[in-house]
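# Geometric and topological summary
If you want the building blocks of each chain, they are given just below.
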Amino acid sequence: MTVTLRDAAAADLAAITRIYAEAVLTGTASYELAAPDEAEMRTRFEAITRQGYPYIVAMDPMGTVLGYAYASAFRTRPAYRWLVEDSIYLAPEARGKGIGKMLLQDLVLRATDLGFRQMVAVIGGASLASIAVHRACGFHPVGTLTGTGFKFGQWLDTAFMQIALGDGDTSDPDPARYPGTLFAG
C-alpha cells in the first residue's frame, strides 16, 4: 500500500476524531475514558499547531486518513521546552503495516529540524506494539510506572521511552531560537 505523509489540516479533524475515539473506547494507549468530540479535538489541534509543533497524517492513495501523529509539550515549564512528547494513533485497518513507524520516523525528523533535543514516548498500557515501534525508531526504555491507569477493569502500567534529537544534551541550545522561545518565564 502506498502511504503519503503530510501536515495535518483542519479538514482532517473528522477522521482524526474517529481514529482517536476508537483508540479511547477500545484501547489503552489513551487513558481518557470518554472520547472527545470534534470540537474538542479542534481545540487540541489548534493549541498544538499554534505553538509550532509538528502534526502529521498518513493517507492512502484515495486520500483516506489512516493515522496521525504529533509532538507536543511534555510539560509547560520553561526548562522542559527542549523536550517533546510524541503521540501516534492509527485506524484499525492501518495497524501492523508499518504506518506507525513511518509516522514516528517523520515526526522525529521534523522535531529534530525544529531544534528540539529530546523526545519521550509515554506509552499507555505499556503496549508491546508501541514499545516495538519506538524501539525500531531508536528509542530506548527509561522506566515504567506500575499501576498508573485503571481502565477496562484493570490496572495499567505506563512505559516511558526516550530518544535524543540532534545534539541531544551534548551542547547548549540557543534560547533565542525556537523552541527556546516557548514558555518563556
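Provided above is the structure to which this section pertains.
Since this is a predicted model, take the numbers as computed values, not measurements. (Residues numbered from 1 in each chain as written. Predicted model: local features only at pLDDT ≥ 70, side-chain atom pairs only at ≥ 80, totals over all residues. Heavy atoms only, no water.)

## Observations concerning the packing of aromatic side chains
Where we set the bar: Working definition: a ring pair exists when centres of Phe, Tyr or Trp rings (six-membered ring for Trp) sit within 6.5 Å. Plane angles under 30 degrees give stacked, over 60 give edge-to-face, the rest tilted. A helix here means a DSSP run of H or I that spans at least four residues, while a strand means a run of E at least two residues long, and both kinds are numbered starting from the N terminus. Buried, partly exposed and exposed residues are distinguished by accessible area as a fraction of the type maximum, computed with a 1.4 Å probe on protein chains only: under 20%, between the cut-offs, and over 50%, respectively.
Following the criterion strictly, the structure yields 10 aromatic pairs and no others. Seen from their ring centres, Tyr20 and Tyr89 are 5.0 Å apart, and the 85° between their planes marks the pair as edge-to-face. Separated by 69 residues along the polypeptide, Tyr20 in helix α1 (residues 13-26) and Tyr89 in strand β4 (residues 83-90) bring together distant segments of the chain. Each member of the pair, Tyr20 as well as Tyr89, carries the same accessibility label: buried. The interplanar angle of 75° and the centroid separation of 4.9 Å between the aromatic rings of Phe45 and Tyr55 together place this pair among those described as edge-to-face. Of this pair, Phe45 sits in helix α2 (residues 38-50) while Tyr55 sits in strand β2 (residues 55-59), and the two are 10 residues apart along the sequence. Pair check on accessibility: Phe45 and Tyr55 agree, each one buried.

## Considerations on the pattern of salt bridges
A side chain with one charge may pair with a side chain of the opposite charge, provided their charged atoms come close. Stated precisely, the cut-off is as follows: Salt bridge, as applied in this entry: a Lys or Arg side-chain nitrogen positioned within 4 Å of an Asp or Glu carboxyl oxygen.
Summed over all chains, the structure comprises 7 salt bridges. Of the charged contacts, one joins Asp7 and Arg110 as a salt bridge, the two residues approaching to 2.3 Å between their closest N and O atoms. Taken together, the residues Asp7 in strand β1 (residues 4-7) and Arg110 in helix α3 (residues 99-114) connect sequence positions 103 residues apart. Residue Arg110 is classed as partly exposed on the basis of its relative accessible area, which comes to 24%. A salt bridge links Arg110 to Asp106; the shortest N-O distance between them is 2.5 Å. Here the residue Arg110 and the residue Asp106 both occupy positions in helix α3, the gap between them amounting to 4 residues, near one helical turn.

Functional significance is not addressed by these values, which are geometric in nature.
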